[in-house]
Every structure is written in structure tokens, then in C-alpha cells.
Amino acid sequence: MAAAASSLLAEEDHFLCSICLAVFTKPVSIPCGHNFCLDCITDYWNTCDIAIQCPLCKEKFFIRPMLRVNTFIAEMVAKLNKSERSRVGPEKKGNGSVLCDRCTGAKLPAIKSCLVCFMSFCETHLMPHQRIPAMKKHNLIHPVENLEGRMCKIHDEPLELFCRMEQMFVCASCKVGDHKTHDVVNLEHEAQMRKTMLGVEKESTDEMIQARQQKINEIQQSVEASRKKAEKVLSYSIHAMTAMVDYMRRSQAELAEVIETKQKKTETERNGLIEELEGEIMQLKQKKSQLNQIEYTNDALSFLENVLSLAFTEPQVKNWSDVTLNSDEFTEQGAMKMLETTVTKEIRSLCDPDWKEMQRHAVDVTLDPDTANPFLVVSPDGKQVTHGDRKRNLSKKPERFEYVLNVLAKEGFSSGKVYYEVQVKGKTNWDLGVANQSVNRKGDMRLSPTNGYWAIYLRKGNELTANASPAIDLNVREMPQKVGVFLDYEVGQVSFYDADSRACIFSFTGWSFTEKLFPFFSPCANNGGKNSAPLIITTVKRNS
């Protein structure tokens, strides 16, 4: 029996259904002696319009034969499948997404697709392609869906080639036709080449990812270092401020004692002068009394006798016209005023405690395009201005700056307090401030208060200057990215702030404004693109 089974297994073609060309599934025998899959012969007879007959010998049957599974053939097929699976080995696996087109029950994953049969096959149903000589010539590929899409629509041949010139899939007929002069290669060759390129690209991408991850780590370390530094600076500032306040309190007590001592000494000295003066007055009154007695004698002889006989002690007095009193002995007030000014200035350069109060006077400022120099471009919303590199053909207006690269705001102010902020990030040159309404707009002029400008300006990316008379170089801890401008019209003050650190950059004080003042802006020239960033009027984010 085993020998017979082995002989039958050697003749694998005997176990193929002539309809599906696959190994029998539920093999049945019909009266003429031919064998078919149960589902294949049933479907054949169900769709056949002629009389019931054998698909091979064409023998006709008057009634449809009753079909039963041929257990002997079924057993042989089972042994054949087992033997074939053992021979094929475990490497024949499908991709799990494409299913076998021949499986009638639960479909198994396909391991190959045939471009001739236009079907995908599992391990069992692929066996005919591995045994039958004619089917071994079929073009088998990795299991894919939509096999029709892999056929040339012109020549109805498999798309087995790739045209590098036109970057498209072609068949053998296309290669010798329209693409005969093109660089046409085998799909597998092109795919392998592309895989190699993708591998290189993937490696490069991995390196870029790694570099960026490293940069993230550096930034995170920088953030941590910055946090620790901030904690250290905060701790130091608390310590320094506490020490300074304690020192000033002790200094206040000492100064009060010094002033009190000085006042007591002054009182003692001046009371001594008063006592001395009162003593001299008493001597002088005594002399005056004696003189009065003689003065009231009417007889000339008696008067002269009394005068000649008069003997009194001359009062011991001194010339008080040379004695002056120092009215400026208490110079501490002036020193304290200087101390207050110095300390206030230094603290404001760190972080002005009045900055939040100034923010309460924030106003909405919009650029006036009618005042913009023809080289300047103002955004439609009036919040940004840049240098346009070319002079625009604009109408002549008396308010337009024709020479200097300036633009004013639409809003002018002649009273009250005003605050607004301007982003200067990315710029190497800029001018910011306020200007009189009457400033010269048709010629060149120097930025200075005498010409109606109260401003600061940046040059070369690191030279910050106030346009006082003379100009003052401003030393800042870091260049501001956003500048806050504060105007107090009645007090006569214009102050500039680093809006991020809240530090005061510079203040014009003690001025008497007589005209309406307008915020003014100059993005300066592009400088070959190095200064192309715009000046941006930003919304003031008030801090609670």
C-alpha cells in the first residue's frame, strides 16, 4: 500500500483538476471515470447551457449524476499535500494581506501572484505552477492585489521593465517600440537600485535625526542650565536686595544720629552766640542808661560837669558784621537725592518696578502710509514696515518723508501718558521714538531733540545710541528684541524699555513739549538683505 501511494505521489499530475488546474479539493468521480473537484464540476454544470456532460470526454448524461467524495483520491491528495509542504519548506510565506483566489472556504494568505493566470495562490494551489512544465513558465511575482494594473494597456503584456527617461513602467513590446532609444531596465534591477538609494537616504535621515536629537539634548541641557542659573541669580538678587535694604536701614539710623548730633552741636554753638550777644546788649544798655541821665540835664554848666566827670567801663563788644551763619551745613539732602537717582537708575536698568504701571497706558498705534518714504513698504494692516529696495512711484504729499527712511503713526498725542511696543528682532539697524508734528519731511536732518526727535537707534547690530545732544552710547546687557516706548507728555519724559527684560534702556527727562508728538519708525536700508526684517508694532500683553 505504501509503495502504491509512493508511486501515485510520483505522478503528481494525476491529482490535478482539469478545470482549476490545481490539486483536487474534495475530489469526486463521475460515471465516465474522470475526476474533478466537487465545486469545480458543480459550478461547471450549473453554468453550462448544454446537456450535462463530461468536460473532458464530452460524454452526456441524461440526469445529473449524484456526486460523492472519492475517499481514496482524497487520501492520496492529502498525502501529496503533506509531502509537498515538507519539500517546499517553511520559507514559502505570503505577506498576509493578499489572499488566495482558489481557496473556496476560509481563504489562506497567497505566497505568489501569477501575471498569466491573473490570480494569487496559496502554498497548496501554487503547486501546479511548480510541477506542470507549461505552468512553470508563468511569470510569478510576490503576492499583490490588482494584477490587471500590472499589464500594459497597449500591448496586454506584463509591465516587467522600467523606463528611466520617462519614469514609467513598460512591457517588452514598449521597449522595442516607443522606448527603444530610452534607458530601460528590469524592474528588479531598478527596484534594487532604488532600495540602495533609499538605504543611503535612510542612513542620511537617521544621521539627521540623530543630530537633531543631539541638538534637543543640548537645548534641554541648556534649558536646565538656564533654569539653575536663573535660580542662582534670583537667590543672589534676593540676598543682594535684602543686604542692600538692611544696609540702607542701618545707614538711615546712623545718618539720623549724625544729623541729630550735628543739629545739637549747631544749636549749642548758636545758643552760645545768642548768650554772648545778650551779654553785650546788657553792657550796652547800662551805658545807655548812664548816657540818658546826663542827656536830660538842661543846665549847660551842670551838663558839661557831668560829662567831664563821667567814668564808666567801655562795653566789651566785638564786630559782629564778620560773623556769618552757614545755611548749608546739612548737605546730606543733596547726597541722598543723588543716591536716590543713582540707585533708581541702576535698578531700572535691571528691571523697572514701574514698568507694569506704564503698560496700563498702552495704546493702539498704526503706521500712516501717507507719511512713509517711497522706499518703505507698509503692510495693509499698518503694523509692519520694511525697506523695499526700490523707490515706488507715489503721489507727492506734504506729510511724506522724501529723503530719510521714516514713517509716522496715524495717532498723535498732545497730553497724557502713552505706551506701545515694537519688535526689532532680526534687524541690524533701526530708529525708534517720537517726533514733533512739524519735523522736516523734505530733506535730511540729524536725529536730535533740537530737531524735534526723541529717539534711540541701533547700528551694526551692536551699537545702541540715544540721540541726545551730544549722542549717548547705551550699554545694555543684551540687545533688545522688542522695544517699549513710553511718553509722559505733561512731565516731559520719553523712555525706552527692553520689553522682554522690562529694563529701562534710556529716558529723556525734563523736556517741555509744545507740539503734538507722533510715534516714528525707521527700518533703515536692507543692507544687502542683512537688515531685511520688518519693524512690527505688536500687541501689548499686559502682565498682571
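What counts, and where the lines are drawn
- Residues numbered from 1 in each chain as written.
- Predicted model: local features only at pLDDT ≥ 70, side-chain atom pairs only at ≥ 80, totals over all residues.
- Heavy atoms only, no water.
- Helix = DSSP H or I, 4+ residues; strand = E, 2+ residues; numbered from the N terminus.
- Contact = heavy atoms within 4.5 Å.
- Areas by Shrake-Rupley, 256 points an atom, 1.4 Å probe, with all protein chains shown as cover.
- Buried < 20%, exposed > 50% of the residue type's maximum accessible area, 1.4 Å probe, protein only.
- Arc of directions from axis to C-beta.
- Phe/Tyr/Trp six-rings, centres within 6.5 Å; stacked < 30°, edge-to-face > 60°.
- 1 Å grid on protein atoms, 1.4 Å probe; cavity = no way out; pocket = protein on both sides within 12 Å on 5 of 7 lines; lining within 4 Å.
- Points joined across faces, edges and corners; volume = space filled by probe spheres on them.
- Nonpolar A, V, L, I, M, F, W, Y, C, P; charged D, E, K, R; others polar.
- Salt bridge = Lys/Arg side-chain N within 4 Å of Asp/Glu carboxyl O.
- Pairing = 2+ DSSP bridges.
- Axes fitted to C-alpha atoms, helices over the stretch in contact; angles between N-to-C directions.
- Polar contact = N/O pair within 3.5 Å; in protein donor to acceptor, adjacent residues only side chain to side chain.
- Patch = residues over 30% accessible without salt bridge, like charges linked within 9 Å, V, L, I, M, F, W, Y side chains within 5 Å.
- Core = buried A, V, L, I, M, F, W, Y, C linked by side-chain atoms within 4.5 Å.

Trainee: How would you sum up the overall build of the protein? Please name residues and give values.
Mentor: Helices and strands together make up the secondary structure of the protein, namely 10 helices and 21 strands. Taking all contacts inside the protein whose residues are at least 6 apart in sequence as the whole, residues at least 24 apart take part in 58%. Of the roughly 34,200 Å² that the protein leaves accessible, carbon and sulfur atoms contribute 54%.

Trainee: Please provide a residue-by-residue account of helix 2 (residues 38–47), values included.
Mentor: Among all positions in helix 2, only Cys 40, Ile 41 and Trp 45 are buried. Each buried residue of helix 2 sits inside an arc of 125° when the element is viewed along its axis, so together they form one side. On its buried face, helix 2 is in contact with strand 1 (27–29) and strand 2 (35–37).

Trainee: If you had to explain the packing of aromatic side chains to someone new, which residues and values would you point to?
Mentor: With the rule as written, the count across this model stands at 8 aromatic pairs. With centroids separated by 5.5 Å and ring planes inclined at 50°, the aromatic side chains of Tyr 489 and Phe 513 adopt a geometry described as tilted. Residue Tyr 489 is found in the loop between strand 17 (482–488) and strand 18 (493–498), and its partner Phe 513 is found in the loop between strand 19 (503–508) and strand 20 (517–522); the two are separated by 24 residues along the sequence. Exposure remark for Tyr 489: the relative accessible area of 9% places this residue in the buried category. Each ring, one from Phe 496 and one from Phe 508, has its centre 6.3 Å from the other, and the planes form 75°; the classification is edge-to-face. Taken as a pair, Phe 496 in strand 18 and Phe 508 in strand 19 lie far apart in primary sequence, 12 residues in all. Comparing Phe 496 with Phe 508, the two get one shared label, buried.

Trainee: I'd like a rundown of the layout of surface pockets, residues and numbers included.
Mentor: Approximately 220 Å³ is the volume attributed to the second largest pocket. Surrounding the second largest pocket, Leu 115, Asn 139, Leu 140, Ile 141, His 142, Val 144, Arg 150, Leu 159, Glu 160, Asn 186, Leu 187 and Glu 188 form its lining. Among the secondary structure elements, those contributing two or more residues to the lining of the second largest pocket are strand 5 (140–141) and helix 7 (187–295). Among the residues making up the lining of the second largest pocket, the classes are represented as 6 nonpolar, 3 polar and 3 charged.

Trainee: Could you give an account of the pattern of salt bridges, with specific residues and numbers?
Mentor: By the definition in use, this model includes 14 salt bridges. Between Arg 227 and Glu 231 there is a salt bridge whose closest N-O contact spans 2.4 Å. Linking Arg 227 with Glu 231, this pair stays in helix 7, spanning 4 residues, or about one helical turn. Judged by its relative accessible area of 39%, Arg 227 is partly exposed. A relative accessible area of 44% places Glu 231 in the partly exposed class. Among the salt bridges present, the one from Arg 360 reaches Glu 357, with a minimum N-O distance of 3.1 Å. Residue classification places Arg 360 among the exposed residues on the basis of a relative accessible area of 57%. For Glu 357, a relative accessible area of 38% gives the class partly exposed.

Trainee: Give a description of the sheet that holds strand 8 (residues 184–186) that names residues and reports values.
Mentor: What links the strands of a sheet is backbone hydrogen bonding, and the strands pair in either a parallel or an antiparallel sense. Taken in spatial order, the 3 strands line up as 7-6-8 in an open sheet, and their pairing is antiparallel. One side of each edge strand has no neighbouring strand; the edge strands of this open sheet are strand 7 (168–170) and strand 8. Across this sheet, the average inter-strand angle for adjacent strands is 35°, counted without regard to direction. The pairing of strand 6 (residues 161–163) with strand 7 spans 3 bridges and is classified as antiparallel. Considered in strand 7, the bridge of Phe 162 is made with Phe 169.

Trainee: Provide a residue-level description of the pairing of strand 10 (residues 384–387), including the pertinent values.
Mentor: Where burial is concerned, the two faces of strand 10 differ: the one with Val 385 and His 387 is buried and the one with Gln 384 and Thr 386 is not. Note that strand 9 (residues 376–378) and strand 10 share 3 bridges and pair antiparallel. Within the sheet, the bridge partner assigned to Val 377 lies in strand 10 and is Thr 386. In this structure, the hairpin formed by strand 9 and strand 10 is closed by a connection of 5 residues, where Gly 382 is found at a positive phi of approximately 70°. Relative to strand 21 (residues 535–538), strand 10 is paired through 2 bridges, and the arrangement is antiparallel. Paired with Val 385 across the strands is Leu 535, a residue of strand 21.

Trainee: Kindly report on the environment of Leu 161, identifying the contributing residues and their values.
Mentor: Along the chain, Leu 161 falls in strand 6. Taking the C-alpha atoms as reference, Leu 161 lies 5.8 Å from Cys 171; in sequence the two are 10 residues apart. Ignoring anything within four residues of it in the chain, the contact list for Leu 161 reads Met 168, Phe 169, Val 170, Cys 171, Ala 172, Lys 175, Val 184, Val 185, Asn 186 and Leu 187.

Trainee: I'd love a proper account of the environment of Ser 495, names of residues and values included.
Mentor: Tracing the chain through its elements places Ser 495 in strand 18. Within polar-contact distance, the side chain of Ser 495 engages the side chain of Gln 493 at 2.7 Å.

Trainee: Lay out a nonpolar patch on the surface with the relevant residues and their values.
Mentor: A cluster of nonpolar side chains, Met 241, Met 244 and Met 248, forms an exposed patch at the surface whose accessible area comes to about 240 Å². Examined against the element boundaries, Met 241 turns out to sit in helix 7. Look at Met 241 and you get partly exposed, because its relative accessible area is 37%.

Trainee: So, the environment of Phe 24: which residues are in play, and what are the values?
Mentor: In this structure, Phe 24 sits in the loop between helix 1 (2–10) and strand 1. Classification of Phe 24 as buried rests on a relative accessible area of 6%. Sequence separation of Phe 24 and Phe 36 is 12 residues, and the distance between their C-alpha atoms is 6.8 Å. Setting aside its immediate chain neighbours within four residues, Phe 24 contacts His 14, Phe 15, Leu 16, Cys 17, Asn 35, Phe 36, Cys 37, Ile 73 and Val 77.

Trainee: An account of the nonpolar core is needed here, citing residue identities and associated values.
Mentor: Looking at soluble globular proteins, one finds that nonpolar side chains tend to be buried together. Core analysis: the biggest nonpolar cluster contains 38 residues, and Trp 430, Ile 456 and Phe 521 have the highest contact counts within it. With residues near it in sequence (within four places) discarded, Trp 430 still touches Val 424, Ile 456, Tyr 457, Leu 458, Arg 459, Leu 464, Val 483, Ser 522, Cys 524 and Leu 535. With 24 residues, the next largest nonpolar core counts Phe 15, Cys 17, Phe 61 and Met 127 among its residues.

Trainee: So what's going on with the sheet that holds strand 17? Residues and values would help.
Mentor: Strand order in the open sheet made by the 7 strands is 9-10-21-12-17-18-19, with antiparallel pairing throughout. Because the sheet does not close on itself, it has two edges, and the strands there are strand 9 and strand 19. Neighbour-to-neighbour, the strand axes of the sheet open up by a mean angle of 20°, direction not taken into account. Bridging between strand 12 (residues 417–423) and strand 21 involves 3 bridges; their strand directions are antiparallel. Counterpart to Gln 423 in the pairing with strand 21 is Ile 536.

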